[in-house]
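Read off the chains here:
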Amino acid sequence: MKPVTDVGIAGWGMYIPKYRLKCSEIEAMWGFQPGYCKNLKIFEKAVGGVDEDTITIGYEAAKNAIARAKVDPSEIGAIYVGTESKPYAVKPSITVIGEALEITPETLGADLEFACRAASEAIEASIGLISSGMIKYSLVIGADTAQASPGDVLEFTASSGGAAYVLAKRGNNTVAYFEGSYSYITDTPDFWRRPLSPYPYHGEQFTGDPAYFHHIISAAKGLMESLGLKPSDFDYAVFHQPNGRFPLKVASKLGIPKEKVLPGLITPWIGNTYNGSALIGLAAVLEIAKPEQRILFVPFGSGSGSDAYSIIVEDGIGERVNLAPTVKHYLENKQYINYTLYAKFRGIIERFKV
Amino acid sequence: MSMKFSIPRTWRERKAHYVLEATKCSKCGKIHYPPRIVCDNCRSRELVRIKLSGTGKVLTYTIQHVVLDGFRDYAPMIFAIIELEEGVRILASLTDVTPKQIKPGLRVKAVLRKIVEDGKLGLIRYGVKFKPLEG
Amino acid sequence: MRKVYVVGVGFTKIGRFFDKGLRELFAEASLKALEDIGNEKVEALVVGNMMSSSLSEQDNLGAVLADYAGLGGIPAFKVEAACGSGGVAVYTGFSLIASGLFDVVMVSGVEKETEYPTRIVSKGLAQASDAEYEMFYGISFTGLNALVMRMYMEKYGVSRDEMSIWPVLMHKNASKNPYAQLPFEVTIEQVKNSMMIADPIRLLDSSPIGDGAAAIILASEKFARKLSDTPVEVAGVGMATDHIYIAYREDLLKLKATIEASKKAFSMAKVMPSQIDIVEEHDAFTVLGFINLEDLGFSERGKTPKEMLQGRFHPGDKPTVNPSGGLKARGHPVGATGVYQVAEVTMQLRGDYPGIKVQGEIGLAHSIGGLGTTVTVIILKR
């Protein structure tokens, strides 16, 4: 892939719902051995309220990103939402968000699907659109309110949340730019959902080596080769984070010390927000990164595929951090609920038509 | 295939629910919410649209246990009359807050949330709700 | 403008009548009223009703009811102002005669609320609020009034138990009323423990859901003497409207429409509040019971609960308020209530009211549509 170096990030934002379900509640509900999720390194997960969905989460994250980018919404030329939990199977989320943010109607975009890396695909597409001069700013949102079959191990991690990025030509309010990117995809059925199913199927162990690890490592290695970089050239590494263990394991396989991964590892406290996952991790890192530092950013989506980006931080990033709520704000502003309220919020109680 | 919501009405009223705007009279300065076409103070038709900040404080509230058809999952529903910074008042639903946390004077801010759905297969109506301002 | 008199009345008991629909209820009331005028004919029919369309699938209501009760193909139409439809119907009937267009007009109010479960009737009633900016959010009519109740209690420092004097008095009055929906007494303890509907409004703060119909016959001066031995004069009428969106109003603890409508009625009747002997006012909820008396000029802002606890407005006082038991206990078949009130005040002034009797010369009926959105005040003189 030809590196494009004149596109960057003008603003970033996230939104995490305030409700939390402790792992121990799920263990107790389904009779898992106590301490089961300690293994996955997840303590609790974020749960969207009854009135929240991918659209409302995406809207809030986008509002935060636009505030940090300091751009006029009407100048945004494209909106993308990467999600696997669309409120409508057919009817775009970007139009509701676009109208609520007063971006539309002279806009392009769509809702994208590639499991957890759809938003990353939107970043790649945006880089092309901006670099070619077709548009000035792009708004990319990754948000999900992912559902797992109650009682399945996935229930420990499937959570709600999202992040958004305003991308622009380097110099147009940008605070970081893409040094290069590398995509790697194969037909690997580690996790899928057919249209009539409310919950996904997954391959348990198969989701590891052939899927997550193979694609992230291939993309990261491909990126480093094409840019002539070594693992030690990076100050931070943010990976897709389906649980608290996988990112540390893949970092170790790549020869990256865990100290560089921990600042961007947020899943243990909020669960796996799917399309929000890696994007929230990157947002957390951008809050603390200093100019000229280099970030390795590698989202992954089942099906499967990975993109690896090298991002270099620019001057002025520090002043943008407090223009919107930080990750600390969302992690601290929480309210615990029990399994029964979670079941009501997530709509997993079946009502039979009488 | 049963459909309770009007499609044209949902479409026609969407902006009013997505973006909080009031009208201001160019002649006498009165601010009106919901937006008007004629000033009720001086009868002038020269009104301009102003965007509202979305932050304010709770003047009075209620916790509604008996809900209307279609709102079963949202009970108990909390409604409030909120005085926005601009001096206008708005009636809205409060979200992300428990009954114990509400009191008159509570500072709140507007967020976009689902208001109601036409069942699991029909349209979703989004609109403004208010949640406590933290920090 | 000509003088107008009430020459006949008739109404049904109020309750849940699964065996009667709109037509049957209307027939019962209207035939009784016609008997009261010796079965003479009426020239026109005005029907007050709120939910015939949303709950009974019936529009064109005036014609349907006129035909069913054998009134002939007379001019007949429905007027609607939510729960104030009855008051507005009386106002309209008055204008038909005062203007000289007709000499004898029947005004009826009829409501059939018990066709569906509460959650559906609630939606019908909620249509009295702003469809796009209030009901849109899922607030019920009770929820809307609860916002006002909380504000009233906090501003004037009135406690839960002090507010409860209203339902306690209403039920006490209704226990003597043979056609009331809830003719039994309640205690302060019972009010405090009744089910919470929309905090702070409890079940016993709220008028009940019920069916009923009332009819009055209005006549010009010439016909009044022929049709009745005890005609009661409609001395003054007034109506006003306010912003339906309650948050836009200047003061949430006053109903401007009541203040305006009553001013017009008092002025037309050439009387002052201090001369009123009987009041039937629109206490859809406890808090409105108090606010109405303040708006009508009978008591000071915020002081009504405490005054009532000391005995004001009870039977024997001037004015006696809601001797029927009010909306709370006599009942509130919404569109019909305003006509019930005028029939009740008429019977009080005539001396043949079947419940608590109040001696007096001048009475006032007060009917509200929505939360003070459309208000009618009718003043009657013996």
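Reading the values: rules and limits
Residues numbered from 1 in each chain as written. Chains lettered and ligands numbered in written order. Predicted model: local features only at pLDDT ≥ 70, side-chain atom pairs only at ≥ 80, totals over all residues. Helix = DSSP H or I, 4+ residues; strand = E, 2+ residues; numbered from the N terminus. Rg over C-alpha atoms; globule rule 2.2 N^0.38 Å. Buried ≥ 20, exposed ≤ 12 C-beta atoms within 10 Å, placed from the backbone. Contact = placed C-beta atoms within 7 Å. Pairing = 2+ DSSP bridges. Nonpolar A, V, L, I, M, F, W, Y, C, P; charged D, E, K, R; others polar. Core = buried A, V, L, I, M, F, W, Y, C linked by C-beta atoms within 7 Å. Axes fitted to C-alpha atoms, helices over the stretch in contact; angles between N-to-C directions. Parallel < 35°, antiparallel > 145°, perpendicular 65-115°, else oblique. Left-handed = near helix turned anticlockwise from the far one by under 90°. Expected span 1.5 Å × (residues − 1). pLDDT = per-residue confidence, 0-100.

Undergrad: What is the right way to read the overall build of chain A from this model?
TA: Looking only at helices and strands, one finds 10 helices and 15 strands in chain A. In terms of overall dimensions, chain A is globule-like: its C-alpha atoms have a radius of gyration of 19 Å, near the 20 Å expected for 354 residues. In terms of overall dimensions, chain A has C-alpha extents of about 55 × 45 × 40 Å along its principal axes. Scored against the burial criterion, the 354 residues of chain A give a buried share of 53%. Of all intrachain contacts in chain A linking residues separated by at least 6 positions in sequence, the fraction that spans at least 24 positions is 80%.

Undergrad: Would you mind showing me how to read the overall build of chain B here?
TA: Looking only at helices and strands, chain B has two helices and eight strands in total. Expressed as lengths along the three principal axes of its C-alpha atoms, the size of chain B is roughly 45 × 40 × 25 Å. Residues counted as buried form 36% of the 135 residues belonging to chain B. The contacts in chain B between residues at least 6 apart in sequence include a share of 51% that link residues at least 24 apart.

Undergrad: What am I meant to see in the sheet that holds strand β1 (residues 21–25) of chain B here?
TA: Strand pairing in a sheet relies on backbone hydrogen bonds. The paired strands run either parallel or antiparallel. Residue and element names in this part refer to chain B. Taken together, three strands build an open sheet; the order of strands is β2-β1-β3 and the sheet is antiparallel. At either margin of the open sheet sits one strand with a lone partner, and together these are β2 (31–32) and β3 (47–51). Bridge count between β1 and β2: two bridges; the pairing is antiparallel. Paired with threonine 23 across the two strands is histidine 32, which belongs to β2.

Undergrad: Just to check I follow, could you spell out unusual backbone geometry for this structure?
TA: The phi angle of most residues is negative, glycine excepted, and most peptide bonds adopt the trans form. With an omega of -5 degrees, the peptide bond running from A:Gly303 to A:Ser304 counts as cis. Inspection of the secondary structure assignment puts A:Ser304 in strand β14 (residues 303–313). Of note, the bond from B:Tyr33 into B:Pro34 is cis; its omega dihedral lies within 30 degrees of zero at 5 degrees. Assignment of secondary structure puts B:Pro34 in the loop between β2 and β3. Positive phi outside glycine occurs at A:Asn173, with the angle close to 65 degrees.

Undergrad: What is the right way to look at the interface of chain B and chain C in this model?
TA: You'll often see interface size given as the accessible area lost when the parts meet. At the junction of the two partners, chain B supplies 27 residues and chain C supplies 28 residues. The class makeup of the residues in the side of chain B that touches chain C is 18 nonpolar, six polar and three charged. With two bridges joining them, strand β4 (residues 55–64) of chain B and strand β5 (residues 196–199) of chain C adopt antiparallel strand pairing. Looking at the pairing, B:Gln64 lines up with C:Ala198 of β5(C).

Undergrad: Any chance you could explain the pairing of strand β1 (residues 7–15) of chain A here in plain terms?
TA: On any regular strand, side chains alternate: one points to one face of the sheet, the next to the other face. Residues and elements named next belong to chain A. Burial within β1 is extensive, with nine of its nine residues counted as buried. Relative to strand β7 (residues 160–169), β1 runs antiparallel, the two sharing eight bridges. Bridged to valine 7 within β7 is lysine 169. Pairing analysis gives two bridges linking β1 to strand β8 (residues 176–188), with the strands arranged antiparallel. Among the inter-strand pairings, isoleucine 9 is bridged to a residue of β8, identified as alanine 176.

Undergrad: It is not clear to me how the interface of chain B and chain A should be interpreted in this structure. Could you clarify?
TA: In this assembly, 16 residues from chain B lie in contact with 17 residues from chain A. Those elements that provide at least two residues to the side of chain B that touches chain A are α2 (14–18), β7 (107–117) and β8 (124–132) of chain B. Ranked by residues supplied to the side of chain B that touches chain A, first place goes to β7(B) with four residues.

Undergrad: What is the right way to look at the arrangement of the chains in this model?
TA: Where the two pairs of chains in contact are concerned, the greatest contact count is recorded for chains B and C. When C-alpha atoms are compared, chain A and chain C, though not in contact, are closest at a spacing of 12 Å.

Undergrad: So what exactly am I meant to see when it comes to the nonpolar core here?
TA: Side chains of a nonpolar character, in soluble globular proteins, are inclined to be buried together. By size, the foremost hydrophobic cluster in this structure holds 285 residues, and its most contacted members are A:Leu139, A:Val166, A:Leu167, C:Ile216, C:Leu218 and C:Val339. The element best represented in this core is helix α15 (residues 334–350) of chain C, accounting for nine residues. Setting aside residues up to four positions removed in sequence, C:Val339 forms contacts with C:Gly48, C:Gly86, C:Ala89, C:Val90, C:Val107, C:Ser108, C:Gly109, C:Ala214, C:Ala215 and C:Ile216.

Undergrad: What is the right way to read the sheet that holds strand β15 (residues 335–336) of chain A from this model?
TA: Residue and element names in this part refer to chain A. Read from one edge to the other, the open sheet built from three strands follows the order β3-β2-β15, with strand pairing classed as mixed. At either end of the open sheet lies a strand with only one pairing partner, and these are β3 (44–47) and β15. Bridge count for strand β2 (residues 19–22) against β15 is two bridges, and the pairing is parallel. Within β15, the residue paired with arginine 20 across the bridge is tyrosine 336.

Undergrad: Explain the environment of C:Gly100 to me, please; I cannot follow it from the model alone.
TA: Structurally, C:Gly100 is set in the loop between α4 (85–98) and β4 (104–111). C-alpha of C:Gly100 to C-alpha of C:Ala265: the two residues are 165 residues apart in sequence and 20 Å apart in space.

Undergrad: Just checking my understanding: could you explain the pairing of β4(C) for this structure?
TA: All names here are of chain C. In terms of burial, β4 is a largely internal element, eight of the eight residues being buried. Two strands pair when backbone bridges link them, and strand β2 (residues 44–48) and β4 are joined in this way by five bridges, in the parallel orientation. By the bridge assignment for β4, valine 47 is matched with serine 108. Bridge count for β4 against strand β7 (residues 212–220) is eight bridges, and the pairing is antiparallel. Looking at the pairing, valine 105 lines up with leucine 218 of β7.

Undergrad: Explain the packing of helix α5 (residues 208–227) of chain A against helix α6 (residues 246–254) of chain A to me, please; I cannot follow it from the model alone.
TA: For any two helices packed against each other, one specifies the crossing angle of their axes together with the interaxial distance. All names here are of chain A. Between α5 and α6, the shortest axis-to-axis distance is 10 Å and the interhelical angle comes to 45 degrees. Judged on the interaxial angle alone, α6 and α5 are oblique. Handedness of the crossing formed by α5 with α6: right-handed. Here Tyr212, Phe213, Ile216, Ile217 and Ala220 of α5 come into contact with α6, specifically with Phe246, Val250, Lys253 and Leu254. When grouped by side-chain class, the residues that make up the contact of α5 with α6 number eight nonpolar, no polar and one charged.

Undergrad: Just checking my understanding: could you explain helix α6 (residues 141–156) of chain C for this structure?
TA: Turn by turn, an α-helix covers 3.6 residues, leaving residues three or four places apart pointing in a common direction. Taking 1.5 Å as the rise per residue, α6(C) with 16 residues should run 22 Å; its terminal C-alpha atoms sit 23 Å apart, in good agreement. Residues C:Phe141, C:Thr142, C:Gly143, C:Leu144, C:Asn145, C:Ala146, C:Leu147, C:Val148, C:Met149, C:Arg150 and C:Tyr152 constitute the buried set of α6(C). On its buried face, α6(C) is in contact with β4 and β5 (77–84) of chain B together with α5 (118–126), β5, β6 (201–202) and α12 (286–296) of chain C. Looking at the residues trailing α6(C), positive phi occurs at C:Gly157, about 60 degrees.

Undergrad: Can you help me understand the confidence of the model for chain B in this one?
TA: Caution is warranted with low-pLDDT regions, since their predicted coordinates should not be read in detail. Per-residue confidence for chain B gives a mean pLDDT of 94, with 98% of residues at or over 70. What the predictor reports for the complex is a pTM of 0.93 with an ipTM of 0.95.

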